[in-house]
Structures are given as structure tokens and as C-alpha cells.
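Observations on the three-dimensional arrangement
What follows is each chain in one-letter form.
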Protein chains: 4
Amino acid sequence: MRPNIKNIAVLTSGGDAPGMNACIRAVVRTGIYNGINMFGVLQGYQGLINNNIIPMDARSVSNIIHLGGTVLKTARCLEFKTDEGMDQAYANMKAHNIDALVVIGGDGTFTGARRFSERHPVSVIGIPGTIDNDLYGSDFTLGYDTAINTVIEAIDKIRDTADSHDRLFFVEVMGRDSGCIALRSAIACGAEAVLLPEKATSLEELIRTLEIGAATKKSSSIVIVSEGHKQGGAYDIAKHVKERFNHYDTKVTILGHLQRGGSPSSFDRILGSRLGYAAVNELLKGSSRQMVGLRGNDIQLTSLDEALTAHSFKLESDLLEMTKVLSI
Amino acid sequence: MRPNIKNIAVLTSGGDAPGMNACIRAVVRTGIYNGINMFGVLQGYQGLINNNIIPMDARSVSNIIHLGGTVLKTARCLEFKTDEGMDQAYANMKAHNIDALVVIGGDGTFTGARRFSERHPVSVIGIPGTIDNDLYGSDFTLGYDTAINTVIEAIDKIRDTADSHDRLFFVEVMGRDSGCIALRSAIACGAEAVLLPEKATSLEELIRTLEIGAATKKSSSIVIVSEGHKQGGAYDIAKHVKERFNHYDTKVTILGHLQRGGSPSSFDRILGSRLGYAAVNELLKGSSRQMVGLRGNDIQLTSLDEALTAHSFKLESDLLEMTKVLSI
Amino acid sequence: MRPNIKNIAVLTSGGDAPGMNACIRAVVRTGIYNGINMFGVLQGYQGLINNNIIPMDARSVSNIIHLGGTVLKTARCLEFKTDEGMDQAYANMKAHNIDALVVIGGDGTFTGARRFSERHPVSVIGIPGTIDNDLYGSDFTLGYDTAINTVIEAIDKIRDTADSHDRLFFVEVMGRDSGCIALRSAIACGAEAVLLPEKATSLEELIRTLEIGAATKKSSSIVIVSEGHKQGGAYDIAKHVKERFNHYDTKVTILGHLQRGGSPSSFDRILGSRLGYAAVNELLKGSSRQMVGLRGNDIQLTSLDEALTAHSFKLESDLLEMTKVLSI
Amino acid sequence: MRPNIKNIAVLTSGGDAPGMNACIRAVVRTGIYNGINMFGVLQGYQGLINNNIIPMDARSVSNIIHLGGTVLKTARCLEFKTDEGMDQAYANMKAHNIDALVVIGGDGTFTGARRFSERHPVSVIGIPGTIDNDLYGSDFTLGYDTAINTVIEAIDKIRDTADSHDRLFFVEVMGRDSGCIALRSAIACGAEAVLLPEKATSLEELIRTLEIGAATKKSSSIVIVSEGHKQGGAYDIAKHVKERFNHYDTKVTILGHLQRGGSPSSFDRILGSRLGYAAVNELLKGSSRQMVGLRGNDIQLTSLDEALTAHSFKLESDLLEMTKVLSI
């Protein structure tokens, strides 16, 4: 039985990720196609509190599917963690007769959505949007595929120059707690070594790998360093290595926030479109407090409770093994 | 029990696809890592018949992971369909003491591999490599993700100019029998309509869609035409539409073979690496006449028999529905 | 002596070209920096007639420097060729107190500007914006560099697949009367042959070139066909060649309007910025009926009269010769 | 009168730059077209000393025009600064009957070439190849255009995420002594401020600029820092700014050596082709100890003496002024 939902709002929260705009577009147009009045909330939960809520029609999401970032902007919002903040947000939603909320973001976003829906009679669906791919309930999160493509395009350029000289490159990529970006980009660009936050790699081990490479006539080597690595960032590691291994000249690149941007890949545009489309259809079917995610090639639901507690993501073990085998 | 495999050859056959080089690299290095002597066959089955077989070491696949095309080249080969052809190929393999074969390609490639392994005592593993994504047993084939990214980059550029004028664009994409590229790229670039080989779309229906777009103030529209569409290619469709719908100036682009090229996406590099790695490991475990494929986020086996007979690929129904809903 | 200019409008007209947005931004901000009120005219001269004129501030051109197309849109406008059209346009300008006009476009745009400024007391400066590079008075026009980059990226992808098979590709590029895009992209992608509108190339000559390539073991060949070639487009040429030269499989790509789009190259962004900056500064110095252009690495003025009559562009002779020498 | 040149060698030296391969291809094929035997020297002057000299034919430069880096590799070579080193190099050249040398590189490369040709009877032509654009005698050096395109693609991605949040980004680009890359990329990506090695910018001045931006509602700002800036790299500057200006969250990206790589832009491919073509033609006309360069749209000669002593490159003054005007 279809619930009596007439007005839906959508917001993006936490770090932005490529594909969020494709997802916003899908949410808005799927709502309008089904006769719902659609609203956009600017700057995440803060906009809900500040009543920064605007009506959206089909044309207001024209020509955004290919844009990086999020047209709704995003912000961190401490105030929404308080009861007063949530009450003010709810008052604003009621003033617009908004019955349901689609939130696009990560862990923090879902935690807020869960608490909000416990306190106030609002239907919520979460959409996993973060470049870190560290959420339970979806094989891939929105933005992850684009982020890796961005990393490998950068490293492909470094490889060009690496092969012209004999050089050793350290490239620092995002992932404070999660080595997902580092691991997949290491496979995809054929890096000689990768340092992950989840895995202690001793300096000795790294240097041994580099020495074997030099001995087997590798003309250059690339080491990917996850920003969350315990022994420090790329600059620190490079410095330590340089003291003990001087076959090559050593260079450092810190990719930083460019990994968050860029036009979303086809994968992220399609994923964002499917998740946005599913989120609204689920709300119209009466679902709430669920996350929509990709499992295999299918869209599936996971309760926010499970998504937030399980959090059991592990690095794929075949990929970990492959970083060693394929870089010989 | 590990079979007595000491020498493995790899070849690419049929149409080339981005990611094949990443896959060849993984096959060769996984073999060498496991103490196997590795060989590359140039120009597919033709090279097997012509004894165009070269030894490969770890360095011979250096710096190819990011290259489009296939360093082993590919060719169509009628001769391999004959018993004489297969016998000659086998004789050449025996001369090199090659015990097993990894073949990267599509339907035709697998048909050849199956017949060859029926006639001669050769272990074979197939890897699905084709931009068309039309094989049973793998959610995605090697090259498909890159091809769609190529298409959407092209259409993004067209969209720029479409919005500066009021225009109607017809873009012809690959897929003689399969609308996979057309469907996913239509979603990913927000096309107003898509014509698929699997689905009859009348001219009336198309024109009605375009008229609704014009009435709701779309400043331009993009129609994706699969090359296999029954009513003809993009030029034909454009001509018919122009006769009856003249709100916009009409323009045609034929993407053609540029869809086969380009540096592989991270998805295809990782997929190629995983499939190549798995293929060799399967041979070493004693598997034969199997295809390795991606199901969800896991590598799984499908027998060549099943892969070749089932062939039950269907366009994702949610995507089909979404082309209508999301382009309002 | 600085003339009494207080309000300036800017418009884009004719075919859109990448870099126009960078140029609009520079015009608007240079004006505002100098205390001028700035206006944008939507859809070229048609917008002037229809009073589609909007005030612009510094923020209204934020974040457009990297976008293809033109945010002011463009249109062809027959009405502006009539006295009535021009008078109506002038009346609208007077109603906004607009003293001067910056027009970005090609030949047709400048012809309109010249006639308009003869009939009405309006200062005008023209900025050469067209991907065809066919204007006198500027070594490069806005959009040309990006267009060639777009073409070579496409052809690089074709080359990937060309080398995997033995193939002959025909790629049709823009340029009805001008072979500029064809010639430069032929050099930049190492094409085996190029057919230009300015130069008769017999089929015999083309086939001889291809035969020499085949004889000297070229594994594939790429022929660039300018859309204005007298013997027909790429499909026609390919058909004729195929009848007489069958060493390779023959394939056709029609790039079409994707050549107009895409994020502008650094060259076009800088060129657009410099020309827009110079255009406003020239108006403030009292110049009128001039075109600003790039000569060497300097910005120089050419009168619209000269720009429109000289029109003496010739294909660079060293490049013509190089297409033959470098593709051996 | 044509000198009696029968064998020419080409080498790349110093830092690699995109377009070097296009240039090598042009040198080799222009030589072969004119009946000259062509040689490639691996690893710059070191290869000349080590007799790392290989014959090149037309096919040996097939399919490299689009590749970054240099297929001939490069190296720094202290030994070539000694008389013994030069004598050994000359002995190796004589053993191959090599009469003339084309050297592609920067200041150091040309200094070596000049001294070598003073000591031994060898004709030399220099080609300006460096991403820094800091040579006298050519408006643009090989690789500069590609490097700026690489920088702006990176910054475009950062801009996406900058606009989703309110943020301040510091991006460090190459240029130890030369702000050419920083200045042009600042214009091309619309940076709010740029710090150049040639120009002292006080922290106060920078902070004032950022405060004006914040006051006029810029949602984010990007500051480009040349690696040679006197107040330190991007990390140092960011730290100092953060202490006194906290409107935004502050983030740092160090692009590093990815600026040297990447497929060359059309501009650099054409420039490399023209310079390579001209270099060989000049040798065949009897020129020596000259550099070929681009002036305006023409190829011109500058003597190595002048190129090395004048070294009077100045940042374009209109661009400097524009960084201030266009970022309001």
C-alpha cells in the first residue's frame, strides 16, 4: 500500500563525491514523474536547520548529470547532532509539508538520518555517496569509481616521466581509515608497492621489494601511499626510503582533493541514477530507514541500523595478493 | 591436485577491447610467478596456425597495463574452423611444449576454444573480452566500461554545443545485436531517447518524445541510435525525423571504432587483472574448458558449454524504464 | 582621452566555440573592475532585437571559465540584416543606456557589427571566436586549439584499435571551406593522408599513398577527410577506395559536432581571457570597429574592414609538406 | 650549398617533456625522407659516451607521436662536461660516421652542445624542449602547453569540490626559477591568487586578496604556488595563511612530476613536428650551432650563443595584470 507521500526533499551531506549530481537528478525526476513535489536542501543538514530549502522541477536538474561536486552543496553540521537542531529542521520540513527525505552521504550522514527519523515522523532513505567505499551494504559507493579513475590518470602521467628517467615515485592518495582507493589504484596502474592503513608494511619490506625491482631491471618504480598509513604520509616514507635506497632519484606527489572532483565516470552516473531512482520508488512503497545499495548488478536494501553497525568492509583478498604477484 | 602444466600460451581473438593488455600482463606475470614458462601468440588463432608464438617474460608486459588495443594483435581466422587448421595449431603448440591456452575474446573465440579442446588434449580457459557485454557468465565483459566512458565523453562535448543552440543530435554507437552500450550510455549522459536493436521503437513514438521535450522547454535533445537498429543508422533516422519534426536543427555523429580504443578505465584494468590472474590459477588447479567471469564482486567459473549455449543476456529492466523516467 | 563609456554589453553569435565562456568572463570582469556596468545579451543579435539583455556582475561569470559552449547562447539571426532589426536592437540598447558592444564570433558576426556601427552610434569591438581558424588578423581563433585536441583524442583511440588489426580508417572532421582543422590534426595524429577542401587530391594519388604504406609494412592507416572535400565526405571516399584497395578492412567515423564542445584547452582559456580583457580596454581607450587578435604572442588590433575584406588565410605551407614527409 | 651530411643522430637530454617523441619522429623521418641514415642516442649525452647508439628507420618511430616521455630516454650527465667525456662521445660518433647531431632539451643541453661543437667538427642543432618555457628564442618550448593543460585539468577537479564546500586550496606547481607554468595556469583556471618565484608577494597581500574574495561572496578560493616561491612551498604558505585567515577549511595539493607526463597536446605535437622537421632541414642546408624556435607562427633560428646568453625571458605583463583583474 502506497503511503501518503506528497513532498520529498533531497540533500547531500559530508564529503562531496562525483555522481552526487546524477543522483540528485534521478531523485528529483523520479519524484516528479510520480506526481510528487520535490525540494532540494542546500548545504546538507545545516540547510534543513537554516530553512535553506528550495522547490525543484525537472528543468532545475537539467545538464548536471556530468558535473562533479554537488549542486546542493554540502557541509558538516554539528548542530544537527543536538535535539534542538533536529527539532528546528523538522519544523522547517513541516512548514513545507515535506514528508520524506533522501540523504546522500556516508556514515555520519546515515547516523544523523537514523536519529532524526527516530525522533520525528519522517521517512528517510539513505544513498551511499563517498569516494572511500567504506560502507556496508553496497559493493560500490557513489564516487569511488571516478576517484580511482582520477588517481590512475595522474599516475599514468607520472609513469611517462618515470620511464624516461630512472626514478622512484611516491604518490599519496586519499583514505584515512580505508585503503580501498590505494589498493584498487595500485592494481589499476601497476604500482610496485602499496602502503595501506589496514596493513602494517615495514620499511624493510618495502625496501626489499624495491631492491628486487631494481635487480630485475625495472627502470622505475611507483609506490602508492594511503594518507592514513601509520608510518606517515608520502613525504615521510620517501625520506626514510631515500636514506637507505638510492638507486633512483625520489619524487613525491600529493594528489589531495583533486580526487574528489572530476566529471563522474559512466559507472558512477549510472549508479547514482539507479540509486536515486530506487530511493524514491522505495519511499513511495513505504520503505524508511533503509539504505539503497548495489549488490552484484542489483539494487538492494539494507537497514540503516545494519549499515551502521555491521561496517565490516574488508579489502578484497585476491586484490591484496595480486599487488604482489602482478608487479614482479 | 595440480596438473603437470609447465608452459602456457595466451592469445587475443576477435574484436579488440580496452583492458586486454592489462589481462595479458596478468596472465603472463601470474604464470611466471608460479614458475611457468609463458608464451604469447600473435594475431589470435591465425598466429597459432602460423607458429607466430613468442616467449614472454615479466618485462615483456611492462608498461602496457594502460594501453588500449592488444599488444598481441588480433585477427579473424576462418582456417581455425577446419580440422586441418586446428591440427596445425596443435602441432605448433606441441613443438613449444605448450600445455594450456588462455584465450581472450568473445563468442567466436570461445567456440573455437571449445572445439579445439575437444579435438586435442589442451587445457583452455576463456576470458570474456568484448566491448559489447553480450556474454553469459559475467556481469561485465572486458572493455565494456571503457567503451561507455568513451561514448559519454563524446556526448558530453555534444551537449555543450547542443545547449548553446537549440538542436537535435543523433549519435550512433556500437552494438549490432546488443543495445548494451546504447542503453547504459543513454542513462549515463541523460539522453532524451535511445533506439535499441532489441526493441522496436516506432518513429511516431520517438517524435512524440521529442515533441514533449520541446513543449517542456528542453533546449536541445540527444538521441542515441544503436548501429543495429532495425530502422537504419543515425543518418536514416535523422532524415526521417527531420521530415516531420523541425523545432531544431538536426546533426549526426557516427562514433565508429573510436569506441574500441582508449586507455582502459580503472574498472577494466582491474577486471582484466583479476580475470587473467584467475585464469592462470584455474589452469594450475586443473580446470579446463571454463570461462572466468565477474559475478557481483567475485570471480566465478562458467563452463564454456554453458557460456555458449545459455547466452541469455537481457537488458536490465530498471535501466530501460529509467531512460523514460529520468529524461523528462 | 577616455570616451564616456558607462555601460557595455557582450554577446556571442554564430557557431559556438570552446573558450567563449572564458572570454565572456574576462569581458565582464574587466568592465566591472573599471567601474563599468556590464550586460549580457542572450542568443546573439536575436537577443538584442528581442531585448533579451541581462545585467551581469562579477559573480554571474563565476565558475564558467572551464565550460564548453557559451552561457549567453548563440543563434543565427536573419532579422539583424534588416534596417528594422538593427533599429529595434539599437532602441533596446538605448533603453539600457548601453554605449558599446563586444561581439564574439566569426565573419558573419563581424559583418553584422560593422553594419550596425555604421548605422548607429555604437562602439563595437569584435573577438574572433570560431573553431575554423579562418579569420584574417589573428594567428589563432578562439576554439581552434580545443577543436584540434578533441580530434586528436578521438583519433588516438582509433589508432589503438587500428594497430590491433590491420585496418584503414576514414575520419571526417569539420571545415566546410577551410582545411585548418584537418591539416593540423593530420600532423598532430600522424595521419597517413589528409583530404582538404583547398586542395584537389585525386583518388589515384590517395590510393598510391596507401599502397606505399602497405608495402612499407604500415599495419594500419588513417585518412582524415575534411567535410568540405570536393569528392564527398568520408563515407563516399571510403567506398571509392574500398573498390580498388583491399589490403585492409575499411571503417568510417564522422566526428560531427562533438568537435565544437569540450572544456576549453589552456590555450583557448588564456586566449579568450586576453582577448576579452583587451577588448574592454580598447573600448575604454576609444577604439571602435576593430577586431582584437593574437599575432605571435601579442594582442593586436585589425580594423573590421580589413578583417572582413582581406580574409587571406592560407594553409601553412610547411605543414602541408610535412603531412607527406612525416607519414612515411 | 648542401654540406656532405650522410648520418645524423638525435638525442633527448635533461628533464623530459611531452612532445619529445613527436619531435624525435619528425627528426628521424625527415632525415630518412632526405636519404640520410638516422641514429638514436639513448639516455642523452651519457649514451653518446657509452656508445648507446642505435640505427633508426621510419618504422622505429611509428606510433609514438602521442606518447608522453621520450622513447630515447634522458639522463643528466656530468661526464660530458669534461674533455675526456666529449672526446669519447666524439670517438663513438666517428665510429658510426655520424656527422651531425640534433639535441632536444633545455639550457644545460644547449650548453653541452655548444661546447661539444667548439671542440669537435660536428654540426649541431638544438630544439627547445622543457616544460618550463624559460628559453630565449622561442615563444613556446616543447611540453609547456601540455604541462599547463595538465595543471588546469587537475585544478578543474579541485574546483568541483571547492564549490561544494567553502574551501581554500593551495596547489603547488612546477617552476623552480620560472613562474611561467604558475602564471598561465592561474589565468587558465581562474585562480584567486598566484605566487611566483619572480615576484615577492607578502603574506599580508595574499591574505587581503582572500579576505576581499570572502567579502564578495566567493564560495571558495584557489591559490597557485610556484615551487620556487621564496616563502616556501604550498604546505608552508598554507600553514601561515591558516593561522591568520580561517574563513575556510584549507587543503593542499602537490602536483609534482605528473606535470611532466601525459599525452602531448596538439600544440606540442605540431610544435615538436615542425621543430624536428626544421632542425634536419637546417642541418642539410649547412646550419650549425643554432636553435630552431617558434616566433609567432613561424619557425626561426637563434644562435646557441644568443639563446644561452640572452636568456631574457620575462613574464607577460598583461597576464600578470590579468591575474588581479579577472579574479575579482
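Residues numbered from 1 in each chain as written. Chains lettered and ligands numbered in written order. Predicted model: local features only at pLDDT ≥ 70, side-chain atom pairs only at ≥ 80, totals over all residues. Heavy atoms only, no water.

Within the secondary structure, B:T70 is located in the loop between β3 (53-56) and α3 (83-95). We classify B:T70 as buried; its relative accessible area is 5%. As a C-alpha pair, B:T70 and B:L42 span 28 residues in sequence and 9.7 Å in three-dimensional space. Once you skip the residues sitting within four places of it in the chain, B:T70 turns out to touch B:T12, B:D16, B:M20, B:N21, B:I24 and C:S164. In this structure the side chain of B:T70 is engaged in a polar contact, spanning 3.0 Å, whose partner is the side chain of B:T12. Polar contacts involving the side chain of B:T70 include one to the main-chain amide nitrogen of B:L72, which spans 3.1 Å. (Helix = DSSP H or I, 4+ residues; strand = E, 2+ residues; numbered from the N terminus. Buried < 20%, exposed > 50% of the residue type's maximum accessible area, 1.4 Å probe, protein only. Contact = heavy atoms within 4.5 Å. Polar contact = N/O pair within 3.5 Å; in protein donor to acceptor, adjacent residues only side chain to side chain.)

Turning next to the sheet that holds strand β4 (residues 100-105) of chain C. Residue and element names in this part refer to chain C. Read across the sheet, 7 strands follow the order β3-β2-β1-β4-β5-β10-β11 without closing on themselves; strand pairing throughout is mixed. Strands with a single pairing partner mark the edges of an open sheet, and in this sheet they are β3 (53-56) and β11 (298-303). The average angle at which neighbouring strand axes cross in this sheet is 30 degrees, direction not considered. As judged from the 6 bridges shared by β4 and strand β5 (residues 123-128), these two strands associate in the parallel manner. Residue pairing for β5: I104 is matched across the bridge by I127. Against the sheet, helix α4 (residues 107-119) touches β4, β5 and β10 (290-295), its axis set at about 160 degrees to β4. (Pairing = 2+ DSSP bridges. Axes fitted to C-alpha atoms, helices over the stretch in contact; angles between N-to-C directions.)

Residue and element names in this part refer to chain A. What the rule picks out here adds up to 68 salt bridges over all chains. For R159, the salt bridge identified is with E192, shortest N-O distance 3.6 Å. Residue R159 is found in helix α5 (residues 144-164), and its partner E192 is found in the loop between α6 (180-189) and β7 (193-195); the two are separated by 33 residues along the sequence. The salt bridge partner of E282 is K285, with a shortest N-O separation of 3.0 Å. On the criterion of helical spacing, the pair formed by E282 and K285 is a turn pair, its members being 3 residues apart in helix α9 (residues 266-285). Accessibility expressed as a relative area gives 56% for K285, which makes it exposed. (Salt bridge = Lys/Arg side-chain N within 4 Å of Asp/Glu carboxyl O.)

Feature annotation in UniProt assigns "binding site: ADP" (unreviewed entry) to the following positions: A:R25, A:A26, A:V27, A:V28, A:R29, A:R159, A:G190, A:A191, A:E192, A:K218, A:S219 and A:S220. Across 196 residues of sequence, these annotated residues are also dispersed in space, with a maximum C-alpha separation of 52.3 Å. Classification of A:R159 as buried rests on a relative accessible area of 11%. Those residues in contact with A:R159, other than ones at most four positions away along the chain, are A:C189, A:G190, A:A191, A:E192, A:S220, A:I222 and B:N63. Here A:S220 lies in strand β8 (residues 220-226). (UniProt positions renumbered as here; feature names shortened; annotations may be inferred.)

Our focus in this paragraph is the domain arrangement of chain A. Interface size, as often reported, equals the accessible area lost upon joining of the parts. All names here are of chain A. Under the domain assignment, chain A is made up of domain 1 (7-143 + 264-310) and domain 2 (146-260). Computed from C-alpha coordinates alone, the two centres of domain 1 and domain 2 are separated by 35 Å. With 13 residues of domain 1 in contact, the opposing surface of domain 2 contributes 11 residues. Surface buried jointly by domain 1 and domain 2 totals about 900 Å² across both partners, of which 51% is contributed by carbon and sulfur atoms. There are 0 salt bridges connecting domain 1 and domain 2. Between domain 1 and domain 2 we count 6 residue pairs in polar contact (both at pLDDT 80 or more) in total. Looking at the side of domain 1 that touches domain 2 residue by residue, the classes come out as 5 nonpolar, 4 polar and 4 charged. (Domains from an automatic or database assignment. Buried area = accessible area lost by both parts, 1.4 Å probe. Nonpolar A, V, L, I, M, F, W, Y, C, P; charged D, E, K, R; others polar.)

We now examine the arrangement of the chains. A gap remains between chain A and chain C, which never touch, and the nearest two C-alpha atoms on either side lie 11 Å apart. In this structure chain B stays clear of chain D, and the shortest span between their C-alpha atoms is 11 Å.

Turning our eyes to something else, we now look at the UniProt feature "domain: Phosphofructokinase" (unreviewed entry) in chain A. Those residues carrying the UniProt feature "domain: Phosphofructokinase" (unreviewed entry) are residues 7-281 of chain A in this numbering. The span residues 7-281 of chain A carries 43% helix and 18% strand; its end-to-end C-alpha distance comes to 13 Å.

Taken together, the 36 residues of chain A in the interface contact 36 residues of chain D. Taken together, the two surfaces of chain A and chain D that pack against each other cover about 2700 Å², and 50% of this comes from carbon and sulfur. Of all residues in chain A, A:K157, A:S164 and A:H257 bury the most surface against chain D, accounting for 23% of the area lost on that side. Put simply, chain A and chain D have 0 salt bridges between them. Joining chain A to chain D, the criterion identifies 11 residue pairs in polar contact (both at pLDDT 80 or more). Listed by contribution, the elements that provide at least two residues to the side of chain A that touches chain D are α5, β6 (167-173) and β9 (249-254) of chain A. No other element matches α5(A), which puts 9 residues into the side of chain A that touches chain D.

On to the interface of chain A and chain B. Each partner contributes to the interface: chain A provides 51 residues, whereas chain B provides 51 residues. Summing both sides of the interface, chain A and chain B together bury roughly 4400 Å²; the carbon and sulfur share of this comes to 57%. Area buried by chain A at its contact with chain B is led by A:Y277, A:L326 and A:I328, which between them contribute 15% of it. For the pair chain A and chain B, the number of links is 4 salt bridges. Close ionic contact of A:D318 with B:R274 constitutes a salt bridge, the shortest N to O distance being 3.0 Å. Joining chain A to chain B, the criterion identifies 22 residue pairs in polar contact (both at pLDDT 80 or more). Contributions of two or more residues to the side of chain A that touches chain B are made by α1 (20-33), α5, α6, α9 and α11 (317-325) of chain A. Looking at the side of chain A that touches chain B residue by residue, the classes come out as 21 nonpolar, 13 polar and 17 charged.

Bringing helix α8 (residues 234-244) of chain A into the picture now. Think of an α-helix as 3.6 residues a turn; residues three or four steps apart then line up on the same face. All names here are of chain A. Listed in full, the buried residues belonging to α8 are A234, I237, A238 and V241. All buried residues of α8 fall inside an arc of 100 degrees around its axis, so they share one side. The exposed residues of α8 that point more than 90 degrees off its buried face are K239 and E243. Packing partners of the buried residues in α8 comprise β6, β7, α7 (203-215), β8 and β9. (Arc of directions from axis to C-beta.)

Residue and element names in this part refer to chain B. Buried residues dominate strand β8 (residues 220-226), accounting for 7 of its 7 residues. Here β8 shows two buried faces, one formed by S220, I222, I224 and S226 and the other by S221, V223 and V225. By the bridge criterion, 3 bridges tie strand β7 (residues 193-195) to β8 in an arrangement that is parallel. Within β8, the position partnered with L195 by the bridge is V225. With helix α7 (residues 203-215) bridging β7 and its parallel neighbour β8, the resulting β-α-β unit is right-handed. (Right-handed = clockwise from strand over helix to strand, strands pointing away.)

Moving on to the relation of the copies chain A and chain D. Once chain A is rotated about the relating axis by 180 degrees and shifted along it by 0.0 Å, it coincides with chain D to within an RMSD of 0.0 Å. One copy is carried onto the other by what is essentially a two-fold rotation axis. Closest approach to the rotation axis within chain A is made by the C-alpha atom of A:I254, at a distance of 2.4 Å. Mapped onto chain D, 100% of the interface residues of chain A are again interface residues, and the two copies thus contact each other with one and the same surface. (Least-squares fit on C-alpha atoms with pLDDT ≥ 70 in both.)

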